[in-house]
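So the chains spell out like this:
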Amino acid sequence: MTLIKSISGIRGTIGGRTGDTLNPLDIVKFTTAFATFIGGKRIVVGRDGRISGPMVRDVVCGTLVGMGYEVIDIGLATTPTTELAVRWHEADGGIIITASHNPTQWNALKLLNSQGEFLTAADGAEVLRIADAEDFDYAPVEKLGRVITDDTMNQRHVQSVLDLRLVNADAIRQRKFRVCADTINSVGGIILPELFNALGVEFEILNSECTGHFAHNPEPLEKNLAGIMDTMRQGRFDLGIVVDPDVDRLAFICEDGKMFGEEYTLVSVADYVLSEEVKLHGATAATAYHTVSNLSSTRALRDVTTKHGGQYTAAAVGEVNVTTKMKAVGAIIGGEGNGGVIYPESHYGRDALVGIGLFLSSLAQKGVTASQLRKTFPNYQIAKNRIDLTPETDVDAILQKVKQMFAADPEATVNDIDGVKIDFPTKWVHLRKSNTEPIIRVYSEAQTAEEADELGKRLMQVVYNMQ
């Protein structure tokens, strides 16, 4: 597996020959490059529960000390917790040690600026340039840095969720929810119980021990969630909650064991936020409310937004692209269809804890079940396929060919700001090269699952014919 370098950091598998995977030499080089770019005095470091986490943390922290930095090590922490900790510690940047939804053997360094947000494309490119140049200066012995541990950030993160204006903790407590959560043997098993206890929610945690030995594929997709879906079918719980290893993605399972729909996490939370803002400020203010999601996310967010009188905008895939667009239009909420909720009143980062607090508030105030709530939204079906790449694959040529195929189609609208997306009146398909894996992602949406999958596979065949 080749080391993947991108504007958001570096990612790879642990073990193997130097240069082929994520190894200590690469960790030192890219940590040094990031510290050089930041040019500050303090960096926050947090990690998920992966087996390789302690090793990577030791290398990262030791390197930063060698660069003269004060390192705030917050230990086992979610991605959003680390993002918030950068702001709370008034740090110059942050490093999150996590490979997000990737399998156990992967790890990564995700890089944050002084606002606790991912680097812009230009800043990320500069870090890569510094790393390639390897023109580094380390601190003299009398100016070496130090490591300070802080184990209070989880508690502070939970309290920040309870303090949000639209999180109705009293209504949640009165509803006496019973939830089952799958925390995939990572940091969700540490922080979600704290959140549930604070909200008065009765809970059971599956795969709760933070060992890094993931009980199943950690991406929160239906095909990976048979265990919790079977548990939910027993009828003992009001809601199933699934997070990925770094707890920035969130999926719900209804009380009957059926998926609420990963794509509908953001849709449901946005609907609640928009409806509450309209209640508070009146329908005439709704035109000022904007929502944002990426090009690969469901049309249902657009539909819900316009229903409330607001305006919807699409962004390129990638959290930094979504947050940049959100800031540009002043969005009240946004995120990604993979279960990522970004609520600026908290911070500009995907945060499963914020999503849980807002979703439970919605259920509590409306007095409905999860399945009843799901029926109130437009019902689109999305298919998510992938094409594995070889080193010889010319992705740019493939995407250009797809673009040309539909350029003259009067029913097709082609968008090429991020790969190629083709919009039809009742469906769409989006092809783009992944930033985190050697694949082309092929997402398609239609009014039936069969139609969505057929559209995606039609485009996939075009790619196969070109390889």
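Notes on the structure in this doc start here.

Reading the values: rules and limits
Residues numbered from 1 in each chain as written. Predicted model: local features only at pLDDT ≥ 70, side-chain atom pairs only at ≥ 80, totals over all residues. Heavy atoms only, no water. Buried < 20%, exposed > 50% of the residue type's maximum accessible area, 1.4 Å probe, protein only. Helix = DSSP H or I, 4+ residues; strand = E, 2+ residues; numbered from the N terminus. Pairing = 2+ DSSP bridges. Right-handed = clockwise from strand over helix to strand, strands pointing away. Phe/Tyr/Trp six-rings, centres within 6.5 Å; stacked < 30°, edge-to-face > 60°. Polar contact = N/O pair within 3.5 Å; in protein donor to acceptor, adjacent residues only side chain to side chain. Contact = heavy atoms within 4.5 Å.

1. Looking at the pairing of strand β3 (residues 42-47)
Point 1. Within β3, five of the six residues are buried, which leaves the element mostly enclosed by the surrounding structure.
Point 2. Here β3 runs beside strand β4 (residues 70-76); their pairing, made up of six bridges, is parallel. By the bridge assignment, Val 45 is partnered in β4 with Asp 73.
Point 3. Traced from β3 through helix α2 (residues 53-66) to β4, the parallel crossover comes out right-handed.
Point 4. In the sheet, β3 pairs with strand β5 (residues 93-97) via five bridges, with the strands oriented parallel.

2. Description of the packing of aromatic side chains
Point 1. Taken as a whole and assessed by the stated rule, the structure comprises five aromatic pairs.
Point 2. Taken together, a centroid distance of 6.3 Å and an interplanar angle of 90° make the contact between Phe 252 and Phe 260 edge-to-face. Accessibility assignment for this pair places Phe 252 and Phe 260 in one class, buried.
Point 3. Their ring planes at 85° and their centres at 5.2 Å tell us that Phe 260 and Phe 359 sit as a pair that is edge-to-face. Of this pair, Phe 260 sits in the loop between β11 (250-253) and α9 (264-281) while Phe 359 sits in helix α12 (residues 352-366), placing them 99 residues apart in sequence. Phe 359 shares its class with Phe 260; the two are buried.

3. Quick look at the side chain of Asn 385
Point 1. Structurally, Asn 385 can be placed in strand β16 (residues 381-388).
Point 2. The exposure class assigned to Asn 385 is buried, which follows from its relative accessible area of 17%.
Point 3. Of the polar contacts made by the side chain of Asn 385, one reaches the side chain of Asp 453; its length is 3.3 Å.
Point 4. Setting aside its immediate chain neighbours within four residues, Asn 385 contacts Ile 440, Arg 441, Val 442, Tyr 443, Asp 453, Lys 457 and Met 460.

4. Observations regarding unusual backbone geometry
Point 1. Unlike most non-glycine residues, Ser 100 shows phi in positive territory, near 55°.
Point 2. Structurally, the position occupied by Ser 100 is in the loop between β5 and β6 (106-112).
Point 3. Judged by relative accessible area, which is 3%, Ser 100 ranks as buried.
Point 4. Positive phi, close to 55°, is recorded for Asn 207, a residue that is not glycine.
Point 5. Among the structural elements, Asn 207 can be located in the loop between β9 (202-206) and α8 (226-232).

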